[in-house]
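Residues per chain are reported as follows:
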Amino acid sequence: MAQTAPFSSDTLMDLLRTIRTPQTGLSLASAGRLESCTVDDTGRLTLTLTVPREQAPELSGLCDEAAQKLQTLPNVTSATLILTAHRPAGAPEPNTGPQRSTPAAAQPAAGGHRPLGGPAAPDAPVLPGVKTIIAVASGKGGVGKSTTAVNLAVGLGMEGLKTGLLDADIHGPSLHRMLGTTGKPEVVEGRLQPVQAWGIRAVSLGMLVDEKAAMIWRGPMVMGAINQLLTDVDWGDLDVMVVDLPPGTGDAHLSLTQKVPLSGAVIVSTPQDIALIDARRGVTMFEKLKVPVLGLVENMSYFCCPNCGHNTELFGHGGARHEAEAMGVPFLGEVPLLADIRSSADSGVPLVIGAPQSEGGKAWRAIAHTVATAIQTLQA
Ligand SMILES: Nc1ncnc2c1ncn2[C@@H]1O[C@H](COP(=O)(O)OP(=O)(O)OP(=O)(O)O)[C@@H](O)[C@H]1O
Ligand SMILES: [Mg+2]
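Just so it is clear, the model here is predicted, and its values are computed rather than measured. (Residues numbered from 1 in each chain as written. Chains lettered and ligands numbered in written order. Predicted model: local features only at pLDDT ≥ 70, side-chain atom pairs only at ≥ 80, totals over all residues. Heavy atoms only, no water.)

*Asks:* Can you tell me about the overall build of the protein, naming the residues and giving the values?
*Replies:* Counting its regular elements, the protein contains 14 helices and 15 strands. Looking at the protein residue by residue over its 380 residues, the buried ones come to 55%. Sequence-distant contacts, at least 24 apart, represent 74% of the contacts inside the protein between residues at least 6 apart. Surface exposure of the protein reaches about 15900 Å², of which carbon and sulfur atoms provide 56%. (Helix = DSSP H or I, 4+ residues; strand = E, 2+ residues; numbered from the N terminus. Buried < 20%, exposed > 50% of the residue type's maximum accessible area, 1.4 Å probe, protein only. Contact = heavy atoms within 4.5 Å. Areas by Shrake-Rupley, 256 points an atom, 1.4 Å probe, with all protein chains shown as cover.)

Here it is in structure tokens:
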């Protein structure tokens, strides 16, 4: 469980004053506003600072140094710094902890998320406080959808968008592990509260039930479970909800598109031909459902040797970019195959947080930035 930090704010600020950018000498203490500082039972410290959007790129280079220095604080065994960017004036506020919303049925339609060309919602609006809903999908399994969904969602949070992450992979929920959450969502006034992790709100079935039990769920139960994750969870007001879908084009996809008007889809593929064929199916499915495809991500694009720096194109390279051009959908970027991407998923610290300056971290952040821009266009 997270607890208040066992040291004074003066101690913390003194330390943050010593962490400065080489470019302009800007310190974390002067540039950042303290949002939260917690230490869990194992001594893991999570510090969240809000920084001006224009200074975020310069300050993000300080994360590694900050993590090392923060580890020297009393009772701290490991530390992570989260920087979230200020929104420009007039734009929505950044994440500010759990908020309550009245039940969906009691809310008017106005102010909810927009279908943006998607199918009309059949019932009353399900997520009235959510402006944009984006699905992360692929035709083929194991290409990195969940890894993309986590890093995209946390990256969007770092861009200053109030972000939620829903794990709609009922058969194989994995986001709770990738986010490193151990607690169960609390129930307040009969509604589940999303877990707060890395600046975003998240709910995965893996937080609620035994993973083995989840795997035996069948068609109608899948639909019921997804409905519940949408309607029985107090998602509150969000700029964007990222939904991690299971592989293929099955029950989860249909129930989601029937239940909520998706604003867009991000398709993940490796550069391999077989994966690209499946990616094409994914694009076609969303086009049939009249959900705009925001773009294609090429994951495991090439292997970058950590010893000699040589890039090897294990699955070919550039296939997704070529395919995106052929299908007339945007290409969002390529992410290399890297051991630290796998280990960050296993350790529960998304790469955009744990190593924002690594090759993978920079790739995800650039993709999140592009998607954030696309979202602003959608919401305009
Ligand atoms: N770029 C990468 N470099 C190294 N490992 C990666 C990369 N992307 C994903 N992985 C690893 O590959 C495995 C599969 O990734 P992930 O679970 O994100 O795929 P998925 O498409 O969601 O799978 P599923 O179809 O089962 O839901 C995980 O162990 C993940 O850590
Ligand atoms: Mg997955």
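We are not done yet, so read on.
*Asks:* Residue-level account of the site of ligand 1, with values.
*Replies:* Of all residues adjacent to ligand 1, which total 18 residues, the nearest are Gly-142, Lys-145, Ser-146, Thr-147 and Pro-336. Gly-142 is positioned such that a nitrogen or oxygen atom in its backbone is 2.9 Å from an oxygen atom of ligand 1. Between ligand 1 and Gly-144, the relevant distance is 3.0 Å, taken from an oxygen atom to a main-chain nitrogen or oxygen of the residue. Isolated, ligand 1 exposes 630 Å² of accessible area, and the fraction of that covered by the protein chains is 79%. Sorting the residues of the shell around ligand 1 by element identifies α5 (145-158), β13 (293-304), β15 (331-337) and α12 (339-347) as the ones contributing at least two each. (Near = heavy atom within 4 Å. Polar contact = N/O pair within 3.5 Å; in protein donor to acceptor, adjacent residues only side chain to side chain.)

*Asks:* Please give an account of the pairing of strand β2 (residues 33-39) that cites residues and values.
*Replies:* Summarising the sheet, β2 and strand β3 (residues 44-51) pair through six bridges and their orientation is antiparallel. Residue Ser-36 lies in a different strand from β3, and its bridge partner there is Thr-48. Taking the residues that link successive antiparallel strands as the turn, the β2-β3 hairpin has four residues, and the phi of Gly-43 there is positive, at about 90°. (Pairing = 2+ DSSP bridges.)

*Asks:* For α12, give the residues involved together with the corresponding values.
*Replies:* If you check which residues of α12 are buried, you get Ile-341, Ser-344 and Ala-345. Around the axis of α12, the buried residues are gathered within 100° of arc, so they sit on the same side. In α12, those exposed residues whose orientation departs by more than 90 degrees from the buried face are Ala-339, Arg-342 and Asp-346. Buried residues along α12 sit in contact with α5, α6 (175-178), β15, α13 (351-354) and α14 (359-379). Positioned one or two residues after α12, Gly-348 has a phi angle of 85°, which is positive. (Arc of directions from axis to C-beta.)

*Asks:* Before we move on, can you summarise the nonpolar core with the specific residues and values?
*Replies:* If you look at the biggest cluster of nonpolar residues, it comprises 49 residues, and the most contacted ones within it are Leu-156, Leu-165, Leu-179 and Val-371. Beyond its immediate stretch of four places on either side in the chain, Leu-165 contacts Ala-149, Val-150, Ala-153, Leu-175, Leu-179, Ile-200, Arg-201, Ala-202, Val-203, Trp-235 and Val-242. By size, the runner-up hydrophobic cluster in this structure holds 40 residues, among which are Ala-137, Ala-168, Leu-238 and Val-291. (Core = buried A, V, L, I, M, F, W, Y, C linked by side-chain atoms within 4.5 Å.)

*Asks:* So what's going on with the packing of α5 against α14? Residues and values would help.
*Replies:* Relative orientation of the contacting elements α5 and α14 amounts to 65°, with a least axis distance of 8 Å. Relative to α14, the element α5 lies roughly perpendicular. Remark: the crossing between α5 and α14 carries right-handed chirality. Here Thr-147, Thr-148, Asn-151, Leu-152, Gly-155, Leu-156 and Met-158 of α5 come into contact with α14, specifically with Trp-364, Arg-365, Ile-367, Ala-368, Val-371, Ala-372 and Ile-375. A class-by-class count of the residues in the contact of α5 with α14 yields nine nonpolar, four polar and one charged. (Axes fitted to C-alpha atoms, helices over the stretch in contact; angles between N-to-C directions. Parallel < 35°, antiparallel > 145°, perpendicular 65-115°, else oblique. Left-handed = near helix turned anticlockwise from the far one by under 90°. Nonpolar A, V, L, I, M, F, W, Y, C, P; charged D, E, K, R; others polar.)

*Asks:* So what about the pairing of β13? Which residues, and what values?
*Replies:* When you tally the buried positions in β13, you get ten out of twelve residues, the bulk of the element. Where β13 meets β15, five bridges bridge the pair, whose relative direction is parallel. By the bridge assignment for β15, Glu-298 is matched with Glu-334. As paired elements, β13 and strand β14 (residues 311-312) share two bridges and run antiparallel to each other. Within β14, the position partnered with Phe-303 by the bridge is Thr-312. Taking the residues that link successive antiparallel strands as the turn, the β13-β14 hairpin has six residues, and the phi of Gly-309 there is positive, at about 80°.

*Asks:* Run through the UniProt feature "binding site: ATP" (unreviewed entry) in the protein, naming residues and quoting values.
*Replies:* As recorded in UniProt, the sites labelled "binding site: ATP" (unreviewed entry) are Gly-139, Lys-140, Gly-141, Gly-142, Val-143, Gly-144, Lys-145 and Ser-146. For Gly-144, the position within the fold is in the loop between β5 (130-137) and α5. For Gly-144, a relative accessible area of 12% gives the class buried. Setting aside anything within four residues of it in sequence, one finds Gly-144 in contact with Val-268 and Asn-299. Topologically, Lys-145 is positioned in helix α5. Since its relative accessible area comes to 6%, Lys-145 is described here as buried. Beyond its immediate stretch of four places on either side in the chain, Lys-145 contacts Val-136, Ala-137, Ser-138, Lys-140, Asp-244, Leu-245, Pro-246, Pro-247 and Val-268. (UniProt positions renumbered as here; feature names shortened; annotations may be inferred.)

*Asks:* Tell me about the packing of helix α10 (residues 273-288) against helix α11 (residues 319-327), residues and numbers included.
*Replies:* Remark: α10 packs on α11, axes separated minimally by 11 Å, with the N-to-C direction vectors making an angle of 35°. Between α10 and α11 lies a crossing whose hand is right-handed. Where α10 abuts α11, its residues Leu-276, Arg-280 and Val-283 lie against Gly-319, Ala-320, Glu-323 and Met-327. Along the lines of polarity and charge, the residues of the contact of α10 with α11 split into four nonpolar, one polar and two charged.

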